[in-house]
Structures are given as structure tokens and as C-alpha cells.
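# Coordinate inspection notes
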Amino acid sequence: MTALKLWYTSTLFSFTPSKSLSRPSSLASTPSFSSFFPLPPSSLSSSNLFGCFKSSSLSFRTLCECTAVTGDTGLPENYVDAEGEDPGELDDEFGDEDYTIDVEAFEEEAKDVLREYSSSLSRELRLDDELTEQSETGRKKKKRKTTPRNVIPDHLLPKVAIVGRPNVGKSAMFNRLVGGNRAIVVDEPGVTRDRLYGRSFWGDNEFMVVDTGGVLSVSKTQNDVMEELAISTTIGMDGIPLASREAAVARMPSMIERQATAAVEEASVVIFLVDGQAGLTAADEEIADWLRRNYSDKFTMLAVNKCESPRKGLMQASEFWSLGFTPLPVSALSGTGTGELLDLLCSRLQKVESSEDLHEEEDYVPAVAIVGRPNVGKSSILNALVGEDRTIVSPISGTTRDAIDTEFTGQDGQKFRLIDTAGIRRRAAVASSGSMTESLSVNRAFRAIRRSDVVALVIEALACITEQDCKIAERIEKEGKGCLIVVNKWDTIPNKNQQTAMYYEQDVREKLRCLDWAPIVYSTAIAGHSVDKIITAASAVEKERSRRLTTSILNQVVQEALAFKAPPRTRGGKRGRVYYCTQAAIRPPTFVFFVNDAKLFPETYRRYMEKQLRANAGFPGTPIRLLWRSRRKMEKGEAKGTTKTQVSLTQRDREVSFAV
């Protein structure tokens with residue numbers, strides 16, 4: 001039996017561990033379990049592995065090196081490293097103590113580690129949200145009571161459009177109906193420009209509410225339009241000729257009106273909102289005529305906003321009878337009259353019944369947020385993907401204000417939720433501008449990153465990488481989101497050749513080191529060139545973000561990394577050891593390392609282990625989390641009487657012993 005053990009051990013260590021492996025599929029070509037046992041890798045569970053070694057009576061050292069359950073360096077016992085030190089020495093702290101390697105217990109403990117990490121991260125993010133909400137509204141955010149509802153796809157729900165002239169409270173009414181602060185509400189006209197969708201329910205009815213920009217009269221002059229919408233021809237318009245600036249400003253009202261028209265056309269019910277405090281205006285009369293003339297087939301409700309007092313509200317609403325609709329006094333700020341409004345609204349909506357087929361259809365839809373600095377082409381990318389003018393595209397910086405959600409189905413049938421965001425400028429620049437609207441827009445953009453699954457970081461080809469791009473990249477990595485880098489306006493690069501993209505990618509990798517794992521896509525959104533590659537790359541990133549490694553392959557990869565480079569030894573002679581590794585979660589992939597002491601693994605070695613995992617197991621386009629858990633000492637008599645398969649190890653006795 002001793003001769004058999006020596007032959008078996010010498011056979012196991014007859015290969016030299018390679019520096020890196022290309023992909024997990026290539027692990028089968030390297031010396032592994034399949035080279036020595038007639039079991040496939042998928043069947044190498046803890047019980048099978050322990051059974052193999054039990055029958056062959058191999059030493060515990062051999063078990064460690066085959067299964068990577070322990071943190072040994074993967075080298076033979078008599079191996080001496082380049083410095084003449086024996087990497088097989090055990091720490092003095094645990095030299096004579098018994099400890100147990102229980103795979104099932106490790107898996108359960110990994111879940112506890114993940115819960116602790118997730119709870120800590122959630123508390124930190126929730127605190128940031130509360131502070132941001134308090135700074136925006138001046139009061140703490142109240143939790144909204146939600147009722148569990150059947151999941152119905154957004155495109156099947158009836159739509160309700162809110163229209164009116166600027167600064168009558170459309171966004172405030174939108175927030176009141178959908179709950180929360182989805183739309184930016186500031187006491188200035190022209191804040192909302194694109195269509196903003198949100199789900200709402202009242203009783204048994206569920207529907208989509210659409211917020212729109214203020215509809216302006218065509219009889220107004222350009223100067224009146226600029227003054228009413230507060231459009232500047234100087235801020236954010238650097239490098240644009242004066243004629244182009246004036247042309248962009250002149251087109252803005254028609255673009256906003258076009259978005260409002262699209263919302264009314266797809267809606268089943270229209271809420272025509274007016275200002276009860278300002279009274280009836282000529283713009284209100286023109287919008288009423290426009291609705292009667294073009295959309296007489298739709299049910300239109302006249303809501304007189306800013307009527308906080310029920311008694312005064314009737315008087316304020318009386319003068320709006322001349323518009324030809326029945327006025328209903330409401331207050332989006334206090335909620336007065338919104339119950340009657342919703343009762344009347346739901347009486348005209350067709351109720352959508354949910355079914356099991358709808359649940360299967362809407363199982364999981366990944367969200368893709370499009371972020372970047374101003375004027376890099378984010379809205380153009382969204383419009384090119386969905387094939388329509390979903391958002392307003394203009395050279396005016398800061399055109400997009402809210403985070404715009406849009407459903408999208410790829411060519412392969414995969415569904416996505418695209419989120420267009422406002423341009424993120426430097427915090428100092430936003431503060432110096434003094435614009436509350438821009439500050440809120442940037443906060444919405446960061447929240448879009450948080451609620452997304454994949455982030456498309458858009459950069460301008462000629463501008464390359466700026467400091468602000470690096471800060472956005474750091475935020476994406478911190479949030480744990482999948483990412484792809486979109487180099488837009490690629491057609492503006494002069495004299496391109498086959499090596500241009502290679503040199504450009506080298507520059508991007510050097511400056512965005514925190515996203516060196518993100519794929520790069522080159523596109524020209526305004527012309528629709530290579531835009532489809534963005535959604536293809538996002539789909540691939542989401543699949544990698546949801547991929548799970550088997551424990552056998554994962555521990556084999558870890559053991560290869562340990563064999564090539566052992567953890568550094570401290571001055572006291574201690575060295576870190578990895579006993580077991582498991583993947584505890586996906587989205588993003590999270591791995592838990594059970595070690596003798598987490599303090600023995602410096603940050604440099606942890607980065608090395610992450611690079612080895614990426615080199616051997618892939619995961620392009622997604623960050624990976626490595627959590628390190630120190631080994632706890634076994635209490636005396638704890639392992640006695642247990643029914644779990646366990647392996648015990650002492651300094652004097654390294655033979656495999658089983659307690660069943």
C-alpha cells in the first residue's frame with residue numbers, strides 16, 4: 001500500500017503547472033482530475049472526491065492538491081521554493097489544533113458571508129439615496145406602501161398622457177400618480193422635454209402614465225420661446241457656430257411638441273392639465289382647440305392643478321368651463337382631488353387581465369443604461385437602436401434631463417430596458433453653474449446606473465478619455481455593473497486604417513484601468529453605423545454576468561494560481577493558505593475564499609488572484625467580487641457525532657479520516 005501511495009503521488013506531480021489557462025474549456029486539456037480518475041469533472045463532488053481518496057488511502061496532502069480544498073501551494077511536500085523555504089509548513093497558530101474541512105458547511109458559510117456583504121453594501125447605498133432625496137426635496141423620503149401585483153408587460157398596459165403648457169405641474173402630477181420622484185420637478189418652465197413613462201395603479205386597474213414637455217403656441221416668437229423655456233445659447237454651446245446655436249434653439253419647441261403629440265397618439269386617456277392659480281390663458285385655449293380638432297376620439301379630462309383648498313378650488317376651476325371640458329380641481333402637491341381624478345380615469349380604461357403566459361414572457365429583462373458626458377451621442381444611440389425619435393437630439397448641452405426608460409427587443413428576441421440619461425459633468429462645474437435642474441439630472445443618471453444591469457459608457461472619439469470618464473468608470477465598477485465602452489462618432493477620426501482601432505484601444509485601456517475587462521464597440525450613431533453591435537455586446541456581457549462556475553473547475557483554477565505564485569510569507573514566517581473557494585452569487589459573480597487568515601493576503605495578491613480568475617475563467621465585461629473569509633477554530637468535541645462527511649487534519653497526522 002505504501003508503494004501504491006508513492007506511485008500515485010509521483011504520478012500526480014509529474015506535470016508543471018502552467019502560468020495561465022485560456023478558457024475553462026481548455027482545462028480538460030491540462031492535467032486535471034480527468035487525467036487520473038475515470039470520473040467526469042461534473043461528477044467530482046465532495047463526496048465522490050473523498051470516496052476516491054478513501055479507497056486509495058492517499059495522504060491528505062494529495063487530497064489538497066487534487067481538489068484545491070485546502071490552501072496548499074499545489075506542490076509536493078518535499079518541494080522547496082526559490083528562496084529555500086518550505087511552503088508546506090503549517091502556521092504555528094494552528095500547528096497542533098484540529099480543524100475541519102466541511103464542504104457543506106463552507107457552502108452555507110459562504111451564503112452568510114454574501115448576506116453580510118450585501119447588507120453592508122445595501123445600507124451604504126440606501127444612505128446615499130436618503131441623503132440625495134433629502135437634499136432634493138428638503139425632507140426625508142417616505143416609504144410608499146406597495147401592493148403585490150401581477151406582472152404585466154409595459155407595452156400591454158393602457159397609457160394615460162399628461163399634456164399642457166409649460167410650468168403647470170405636469171411632472172408633479174406624474175410623480176403623484178406613479179409614486180416617488182421619477183420626474184424632475186423644479187419651479188421653472190421647460191424642464192421636461194422627452195416622454196417619461198411610469199407604472200401606476202388604482203384599485204384593480206393598472207396603467208402607464210406618460211409625462212410630456214410643455215406644448216407651446218406656434219404664434220410665439222423665437223425670443224418668447226427662448227425666454228419661456230429658459231434656453232441658453234451660451235452655456236454648453238462651446239465650439240458650436242452661432243448660426244447652429246440659433247437653429248437648434250428654434251427647433252427645440254417643435255421637438256418637444258412632437259414628443260407630446262406621440263404621447264397623445266398612443267394614449268387611451270388624456271389628462272389636460274391647467275394652472276388654477278394663473279387662470280385661463282391663451283395657450284390653454286389653443287391646446288384645447290388642438291385636442292378637440294385632432295383627438296376628438298380620445299377621452300380628455302380637464303384637471304385644474306394647484307387647487308389645494310377644496311372650497312377655493314371650485315371657484316378657481318369655474319373659469320375653465322369655457323374650454324369645453326368639465327374642469328376637476330386637483331392638487332398634485334397635496335393630493336387633493338386626485339382620488340376623484342383616478343376614479344374617473346379608470347372608468348374609461350380597459351382592464352388588462354394577467355395570465356400565466358405573461359408571467360413567463362416577462363421573467364427577467366436586463367436594463368442597459370447609456371451614460372457619459374454631455375454631447376457624446378447618448379440619445380442618438382437610443383434613437384438608432386429603437387428605430388424612432390424616442391428622445392430629442394440636439395447640439396444644445398443638457399437636452400436630456402430625466403432618465404428615459406424604453407423597452408427594446410433585439411434581433412434574437414432578447415428583451416432589454418434601455419435607459420437614456422443626462423450628461424454627467426464634473427461636480428465642480430455643476431455646482432458653479434448653480435442650476436438645480438442639472439444637479440437633479442446628474443443624480444438621476446447615477447440612479448440609472450444603480451438600477452441597471454449593464455452600463456454602456458459612451459465616449460466621444462475625438463475627445464478620447466477625460467478625467468470625468470474615469471470618475472464615471474469608477475462609479476460603474478463600484479456599483480458592480482456590467483459595462484461596455486462605446487466609442488461614438490468614430491467617423492470623425494481622420495485617416496483611419498487597420499491599426500487605428502488597435503492603438504485607440506491601447507490608449508483606452510491605459511486610461512480606464514478600472515474597466516480593463518470591458519469590451520469596446522466603435523459606432524456612429526447619427527448614421528446608424530455599427531449600432532447593432534452595442535446591443536450584441538450588452539447581451540454577451542449580461543450572459544457573462546449571470547454565468548456560474550462549477551466548484552470543481554473553480555478550485556482547479558485557484559489551485560493553478562496558487563501553484564504558480566504562492567502567497568507571500570510574513571516576517572514571522574506565516575503564509576496564507578486557501579482551503580476552499582466557491583461562487584456564492586451572480587450579477588456580479590462573487591467568489592468566497594476560505595483562508596487561514598485573510599490578513600495574510602495583501603491587496604497585490606488579491607489582484608493577482610482576480611487576474612488569474614479572469615485569464616482562466618473569462619468573465620469579460622463584468623466586475624467580479626472576491627470575498628476573503630478567515631478560518632475559525634473548531635471547538636473541542638464539535639466534530640463528534642456529526643453526520644456530515646468531513647476531513648480532519650493535524651500537524652502530526654495528515655492521513656485522511658472520515659467521520660460519518
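Our subject is the structure listed above.
Everything numeric here is computed off the predicted structure, so don't read it as measured data.

Of note, asparagine 175 is situated in helix α6 (residues 170–178). Ignoring anything within four residues of it in the chain, the contact list for asparagine 175 reads Gly180, Asn181, Arg182, Ala183 and Val185.

Taken together, six strands build an open sheet; the order of strands is β9-β10-β8-β11-β12-β13 and the sheet is mixed. Unpaired on one side and paired on the other, β9 (404–409) and β13 (520–522) mark the two borders of the sheet. Across the sheet, the mean angle from the axis of one strand to that of its neighbour is 25 degrees, orientation sign disregarded. Note that strand β11 (residues 454–460) and strand β12 (residues 482–488) share seven bridges and pair parallel. Bridge pairing in β12 links isoleucine 459 to valine 487.

This paragraph deals with the packing of aromatic side chains. Under the definition given, this model contains 13 aromatic pairs. Where tryptophan 490 meets tyrosine 504, the ring centres are 5.4 Å apart and the plane angle is 85 degrees; that geometry is what we call edge-to-face. Residue tryptophan 490 is located in the loop between β12 and α17 (500–511), and its partner tyrosine 504 is located in helix α17; the two are separated by 14 residues in the primary sequence. With respect to burial, tryptophan 490 and tyrosine 504 carry one shared label: buried. Their ring planes at 20 degrees and their centres at 4.5 Å tell us that phenylalanine 593 and tryptophan 628 sit as a pair that is stacked. Taken together, the residues span a long stretch of sequence, with phenylalanine 593 in strand β15 (residues 590–595) and tryptophan 628 in strand β16 (residues 625–630) at a distance of 35 residues.

A word on the side chain of aspartate 405. Looking at the secondary structure, you find aspartate 405 in strand β9. With relative accessibility at 15%, the residue aspartate 405 sits in the buried group. For aspartate 405, the side chain forms a polar contact with the side chain of arginine 417, separated by 3.4 Å. Discounting chain neighbours no more than four positions away, the residues touching aspartate 405 are Arg182, Tyr197, Arg390, Arg417, Leu418, Ile419 and Arg451.

Among the nonpolar cores identified, the biggest contains 34 residues, and Val371, Leu457, Ile476, Val487, Tyr504 and Val508 are the most heavily contacted of them. Taken together, the elements giving at least two residues each to this core come down to β8 (367–372), α15 (436–450), β11, α16 (467–479), β12, α17 and β13. If one sorts the elements of this core by residue count, α15 sits on top with five residues. Not counting chain neighbours up to four residues away, the residues in contact with isoleucine 476 comprise Val371, Ile449, Val455, Leu457, Lys481 and Cys483. Met173, Val178, Ala303 and Ile404 belong to the second-largest nonpolar core, a separate cluster that totals 24 residues.

Negative phi characterises most residues that are not glycine, and trans characterises most peptide bonds. Each neighbour pair has its own omega, and for arginine 587 with proline 588 the value is 0 degrees, a cis peptide bond. Relative to the elements of secondary structure, proline 588 occurs in the loop between β14 (578–585) and β15. The backbone of serine 530 shows a phi angle near 60 degrees, a positive value even though the residue is not glycine. One can find serine 530 in the loop between β13 and α18 (532–545). You will see that phenylalanine 619, though not glycine, has its phi angle at about 60 degrees, which is positive. Mapped onto the elements of the fold, phenylalanine 619 is located in the loop between α20 (603–617) and β16. By relative accessible area, which is 0% here, phenylalanine 619 ends up buried.

The next point concerns the environment of proline 494. For proline 494, the location among the structural elements is in the loop between β12 and α17. For proline 494, a relative accessible area of 56% corresponds to the exposed category. Taking the C-alpha atoms as reference points, proline 494 and leucine 462, separated by 32 residues in sequence, lie 9.5 Å from one another.

Across all of its chains, the model carries 25 salt bridges by this definition. A salt bridge links glutamate 109 to arginine 629; the shortest N-O distance between them is 3.0 Å. Within this pair, whereas glutamate 109 is found in helix α5 (residues 103–137), its partner arginine 629 is found in strand β16, the two being separated by 520 residues in sequence. Given the relative accessible area of 24%, arginine 629 is considered partly exposed. Arginine 165 is the salt-bridge partner of aspartate 284, the closest N and O atoms lying 3.1 Å from each other. Taken together, the positions of aspartate 284 in helix α9 (residues 282–294) and arginine 165 in the loop between β2 (159–163) and α6 put the pair 119 residues apart, joining distant regions of the chain. The same class applies to aspartate 284 as to arginine 165, namely buried. When salt bridges with common partners are traced through the structure, they connect Glu109, Glu116 and Arg629 into a single cluster.

Here is what the cut-offs are and how they apply
- Residues numbered from 1 in each chain as written.
- Predicted model: local features only at pLDDT ≥ 70, side-chain atom pairs only at ≥ 80, totals over all residues.
- Heavy atoms only, no water.
- Helix = DSSP H or I, 4+ residues; strand = E, 2+ residues; numbered from the N terminus.
- Contact = heavy atoms within 4.5 Å.
- Pairing = 2+ DSSP bridges.
- Axes fitted to C-alpha atoms, helices over the stretch in contact; angles between N-to-C directions.
- Phe/Tyr/Trp six-rings, centres within 6.5 Å; stacked < 30°, edge-to-face > 60°.
- Buried < 20%, exposed > 50% of the residue type's maximum accessible area, 1.4 Å probe, protein only.
- Polar contact = N/O pair within 3.5 Å; in protein donor to acceptor, adjacent residues only side chain to side chain.
- Core = buried A, V, L, I, M, F, W, Y, C linked by side-chain atoms within 4.5 Å.
- Salt bridge = Lys/Arg side-chain N within 4 Å of Asp/Glu carboxyl O.

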